[in-house]
Amino acid sequence: MNIKIGRNDPCWCGSGKKYKKCHLQFDEKISHFENMGHIVPEHSIIKTPQQIEGIRESAKINIAVLDAVAEKIREGMTTQEIDNIVYNKTVELGGIPAPLNYNDFPKSVCTSINEVVCHGIPSENVILKDGDIINVDVSTIYNGYFSDSSRMFCIGNVSEEKKRLVKVTKECVEIGLEKVKPWTFLGDMGQAVHEHALKNGYSVVREIGGHGVGLEFHEDPWVSYVSKAGEEMLLVPGMIFTIEPMVNMGTDRVFVDKNDNWTIYTADKQPSAQWEIMVLVTEDGHEVLAY
Ligand code: MF3
Ligand code: CO
């Protein structure tokens, strides 16, 4: 913390209260961790109650869009049809799909099938087949606030092997979530996710992580799922970030498609699964904003 605010000045959080009556003690606690050598959050990623309310509304749309996909997704459908559902539902609810034109991403949603790890681009030419597993990753902007979450769907008769990958990946997210509470570290969550994947014979992608979210699509901190307990950023109330591990059946190595520069594949072409939730750190634990 290098911002000097007088004890009687207005608090940085915008509450209108004097600093000494608002976040002074909170900042002192953060400084204590910083002095011990920990990575600590900047004020800019600590959300105010008003911002949290806005982000919560955005997340509600994100959930409704995923629910709409869940209702209609089926064998024989193209991933372009999923894109249409996402675009139409988001706009109907007053939102904007965050992926559309984000760093030149051409569609409204990411659709990642089987050995595609993430960032699959919807297409007229990609048809959902019996036995596929697919991640549908939805992100919404509503009133300037961002939300982001994804789910896996099993199409038709999926092999026991792939079903287990999907189930264990969801467990990884839930086991990581249990570790999220204030004045602990992101690495506590990351290690828990990693251990559960390893215990089940899987690997976790290292290069691509989660992120802070809310005021922008991708904010600090960058969130690893191969991190170590007691390491990475200190968690404090008001932080919002995603838990979105990519869990691979085989190697953790991945590569990016040379043609579209987006689609990420497993190096060994074995399947990969991902679930993504958005979580708020509260005074006494956490609140899931989108699942
Ligand atoms: N939704 C992805 C995430 O979880 C980001 C996708 S970027 C896009 O972070 F441009 F591909 F949409
Ligand atoms: Co995300």
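Quantities reported herein were computed from a predicted structural model and do not represent experimental measurements.

Asker: Describe the nonpolar core, with residues and values.
Answerer: Counting residues in each nonpolar core, the largest one holds 40 residues, and the members touching the most others are Val 180, Met 189, Phe 241 and Ile 243. Mapped by element, the contributors of at least two residues to this core are α1 (24–35), α4 (160–177), α5 (186–199), β9 (240–243) and β14 (277–281). Looking at which element gives the most residues to this core, the answer is α4, with 6 residues. Grouped together as the second largest cluster of nonpolar side chains are 18 residues, Val 65, Ile 73, Val 138 and Ile 155 included.

Asker: Provide a residue-level description of the site of ligand 1, including the pertinent values.
Answerer: Taken together, 14 residues form the shell around ligand 1, and within it Asp 137, Asp 148, His 211, His 218 and Glu 244 come nearest. The side chain of His 211 places a nitrogen or oxygen atom 3.0 Å from an oxygen atom of ligand 1. Taking Glu 244, its side chain carries an N or O atom lying 2.8 Å from an oxygen atom of ligand 1. Protein coverage of the free-state accessible area of ligand 1, which is 330 Å², stands at 96%. Placement of ligand 1 is best described as lying within the largest pocket. For the shell around ligand 1, the per-class residue count stands at 6 nonpolar, 4 polar and 4 charged.

Asker: Run through the side chain of Glu 276, naming residues and quoting values.
Answerer: Secondary-structure assignment places Glu 276 in the loop between β13 (272–274) and β14. We note that Glu 276 is buried and unpaired, the nearest opposite charge coming from Arg 151 at a distance of 10 Å. Apart from residues lying up to four places away in sequence, Glu 276 is in contact with Asp 137, Asp 148, Ser 149, Ser 150, His 211, Thr 242, Ile 243, Glu 244 and Ala 290.

Asker: I'd like a rundown of the side chain of Asn 200, residues and numbers included.
Answerer: If you trace the backbone, Asn 200 turns up in the loop between α5 and β6 (203–204). At a separation of 2.8 Å, a polar atom in the side chain of Asn 200 contacts the main-chain carbonyl oxygen of His 196. When residues no more than four places from it in sequence are discounted, the contact partners of Asn 200 are Arg 164 and Val 168.

Asker: Tell me what's going on with the sheet that holds strand β3 (residues 116–118), and back it up with residues and numbers.
Answerer: Pairing in this open sheet of 3 strands is antiparallel, and the strands run β3-β12-β11 from one edge to the other. What marks the edges here is a single partner per strand, and that holds for β3 and β11 (254–256). Between one strand axis and the next, the sheet turns through 40 degrees on average, direction left out of account. Where β11 lies against strand β12 (residues 264–266), 3 bridges are found, and the strand directions are antiparallel. The residue of β12 that forms the bridge with Phe 255 is Tyr 265.

Asker: Tell me about the confidence of the model for the protein chain, and name the residues and values.
Answerer: Across the protein chain, pLDDT averages 97, with 99% of residues at or above 70. Per-element mean pLDDT across the protein chain ranges from 97 in α1 up to 99 in strand β2 (residues 110–113).

Asker: Residue-level account of unusual backbone geometry, with values.
Answerer: A cis geometry characterises the amide bond from Asp 220 onward to Pro 221, with omega recorded as 0 degrees. Summarising the element assignment, Pro 221 is placed in strand β8 (residues 219–223). Although it is not a glycine, Asn 143 sits at a positive phi angle of roughly 50 degrees. With respect to the secondary-structure elements, Asn 143 resides in the loop between β4 (133–142) and β5 (145–154). Look at Asn 143 and you get exposed, because its relative accessible area is 64%.

Asker: Pulling in residues and values, what's your account of the layout of surface pockets?
Answerer: Here the largest pocket is characterised by a volume of approximately 340 Å³. Lining of the largest pocket is provided by 22 residues; of these, His 119, Asp 137, His 211, Phe 217 and His 218 occupy positions nearest its centre. Of all the secondary structure elements, the ones that give two or more residues to the lining of the largest pocket are β4 and β7 (210–212). A breakdown of the residues in the lining of the largest pocket according to their chemical character gives 10 nonpolar, 8 polar and 4 charged. Of the volumes computed, that of the second largest pocket is approximately 250 Å³. As for the second largest pocket, its lining consists of 17 residues, of which His 23, Lys 47, Pro 49, Pro 237 and Glu 283 are closest to the centre. Every element with two or more residues in the lining of the second largest pocket is listed here: α2 (49–72) and β14. Of the residues that constitute the lining of the second largest pocket, the class distribution is 10 nonpolar, 5 polar and 2 charged.

Asker: So what about the coordination of the cobalt ion (ligand 2)? Which residues, and what values?
Answerer: Every protein donor of the cobalt ion (ligand 2) is listed here as Asp 148 (OD), His 211 (NE2), Glu 244 (OE) and Glu 276 (OE), and their distances to the metal cover 2.1 to 2.3 Å. For the cobalt ion (ligand 2), the 6 donor atoms in the first shell make angles of 51 to 160 degrees at the metal, a pattern classed as irregular. All donors of the cobalt ion (ligand 2) belong to a single chain; written as a sequence motif, their spacing is D-x62-H-x32-E-x31-E. With Glu 244 in the loop between β9 and β10 (246–248) and Glu 276 in the loop between β13 and β14, this residue pair connects regions lying 32 residues apart in the sequence. The class of Glu 244 is buried, set by a relative accessible area of 5%.

The rules we used
Residues numbered from 1 in each chain as written. Chains lettered and ligands numbered in written order. Predicted model: local features only at pLDDT ≥ 70, side-chain atom pairs only at ≥ 80, totals over all residues. Heavy atoms only, no water. Core = buried A, V, L, I, M, F, W, Y, C linked by side-chain atoms within 4.5 Å. Buried < 20%, exposed > 50% of the residue type's maximum accessible area, 1.4 Å probe, protein only. Helix = DSSP H or I, 4+ residues; strand = E, 2+ residues; numbered from the N terminus. Near = heavy atom within 4 Å. Polar contact = N/O pair within 3.5 Å; in protein donor to acceptor, adjacent residues only side chain to side chain. Areas by Shrake-Rupley, 256 points an atom, 1.4 Å probe, with all protein chains shown as cover. 1 Å grid on protein atoms, 1.4 Å probe; cavity = no way out; pocket = protein on both sides within 12 Å on 5 of 7 lines; lining within 4 Å. Sits in = over half its atoms within 2 Å of the grid points. Nonpolar A, V, L, I, M, F, W, Y, C, P; charged D, E, K, R; others polar. Lys, Arg positive; Asp, Glu negative; His and termini not counted. Salt bridge = Lys/Arg side-chain N within 4 Å of Asp/Glu carboxyl O. Contact = heavy atoms within 4.5 Å. Pairing = 2+ DSSP bridges. Axes fitted to C-alpha atoms, helices over the stretch in contact; angles between N-to-C directions. pLDDT = per-residue confidence, 0-100. Points joined across faces, edges and corners; volume = space filled by probe spheres on them. Donors = N, O, S within 2.8 Å, 3.2 Å for Na, K, Ca; no water. Tetrahedral: all angles 85-135°; square planar, octahedral: opposite > 155°, others 65-115°.

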